[in-house]
Amino acid sequence: MLEKEEIVSPNLEELKNHYRSIITLLGEDAEREGLLKTPERVAKAMLSLTKGYHIDPHEVLRSAKFKEEYSQMVIVKDIDFFSLCEHHMLPFYGKAHVAYIPNGYITGLSKIARVVDIFSHRLQVQERMTLQIKECIQETLNPLGVMVVVEAKHMCMQMRGVEKQNSITTTSDFTGAFNQAKTREEFMNLIQHGN
């Protein structure tokens, strides 16, 4: 059975009051039966969706940092993520692909996915999130290189504005060994074809 995530925050009550006011300002009756618990549910959802502000991604990587003389590419691909765009606070979601070339140290593979989760659980823009993931891994593990590719759909483009349902935005950033076109091409081939 799935356990319910417990949301505890000193700001919960204040957030609930703000969401109650927002519901009223939108023209609804915040006391209507179907909306009575909505301010609390939305406040808890927002606290959960932005919990990345309270977790140190560097510490997550350091908690599973191991000395290892492996110097080939390590790839964790197809990492699902969900985030909120900071411009409209609407979701954007997709997959992140991360590679690094160790320089004496590796980290637990799940920790790479956790880093993606931490940065995606903040108000974000895709470009910054891509950069933050790359910089965190580079600073913490000091590998020979890091490359991050993020592919996402943005609800702010699908639900409002231009209303383009099938648009996918791709961002990438890299350091070190990935400055070489051949290394980048190898990574891109591996994430696209799964070889």
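Residues numbered from 1 in each chain as written. Predicted model: local features only at pLDDT ≥ 70, side-chain atom pairs only at ≥ 80, totals over all residues. Heavy atoms only, no water.

Q: I would appreciate a short explanation of helix H1 (residues 12-25) in the present structure.
A: Because an α-helix completes one turn every 3.6 residues, residues spaced three or four positions apart along the sequence face the same direction. For H1, built from 14 residues, the straight-helix expectation of 20 Å at 1.5 Å per residue is met to within 8% by its first-to-last C-alpha distance of 20 Å. Listed in full, the buried residues belonging to H1 are Leu12, Lys16, Tyr19 and Ile23. Angular distribution of buried residues about the axis of H1 spans 65°; they occupy a single face of the element. In this structure, the buried side of H1 is in contact with helix H2 (38-49). A positive phi of about 105° marks Gly27, the residue just after H1. (Helix = DSSP H or I, 4+ residues; strand = E, 2+ residues; numbered from the N terminus. Expected span 1.5 Å × (residues − 1). Buried < 20%, exposed > 50% of the residue type's maximum accessible area, 1.4 Å probe, protein only. Arc of directions from axis to C-beta. Contact = heavy atoms within 4.5 Å.)

Q: When you look at the layout of surface pockets in this model, what are you seeing that I'm missing?
A: By rolling a water-sized probe across the atoms, one finds the places where empty space is left. Estimates place the volume of the largest pocket at around 270 Å³. Taken together, 16 residues line the largest pocket, and the ones lying closest to its centre are Met46, Leu47, Ser48, Thr50 and Lys51. Put simply, the parts of the chain that give the lining of the largest pocket at least two residues each are H1 and H2. Element by element, the count of residues in the lining of the largest pocket is highest for H2, at three residues. Classifying every residue of the lining of the largest pocket gives nine nonpolar, four polar and three charged. (1 Å grid on protein atoms, 1.4 Å probe; cavity = no way out; pocket = protein on both sides within 12 Å on 5 of 7 lines; lining within 4 Å. Points joined across faces, edges and corners; volume = space filled by probe spheres on them. Nonpolar A, V, L, I, M, F, W, Y, C, P; charged D, E, K, R; others polar.)

Q: What am I meant to see in unusual backbone geometry here?
A: Generally, phi is negative for residues other than glycine and the peptide bonds are trans, each holding for most cases. Despite not being glycine, Met89 has its phi angle at roughly 55°, a positive value. Positionally, Met89 belongs in the loop between strand E2 (74-85) and strand E3 (91-101). Even without glycine at this site, Asn142 takes up a positive phi of about 50°. If you trace the backbone, Asn142 turns up in the loop between helix H5 (126-141) and strand E6 (145-154). Classification of Asn142 as partly exposed rests on a relative accessible area of 46%.

Q: Where do I start with the packing of aromatic side chains in this structure?
A: Aromatic rings in a pair are described by how distant their centres are and how their planes are angled relative to each other. Counted under the stated rule, the structure contains three aromatic pairs. With a centroid separation of 5.9 Å and an interplanar angle of 75°, the aromatic rings of Phe81 and Phe92 are classed as edge-to-face. Taken together, the residues span a long stretch of sequence, with Phe81 in strand E2 and Phe92 in strand E3 at a distance of 11 residues. Pairing Phe82 with Tyr93 gives two aromatic rings, centres 6.3 Å apart and planes at 25°, and the pair type is stacked. Within this pair, whereas Phe82 is found in strand E2, its partner Tyr93 is found in strand E3, the two being separated by 11 residues in sequence. Judged by its relative accessible area of 58%, Phe82 is exposed. The class for Tyr93 is partly exposed, based on a relative accessible area of 28%. (Phe/Tyr/Trp six-rings, centres within 6.5 Å; stacked < 30°, edge-to-face > 60°.)

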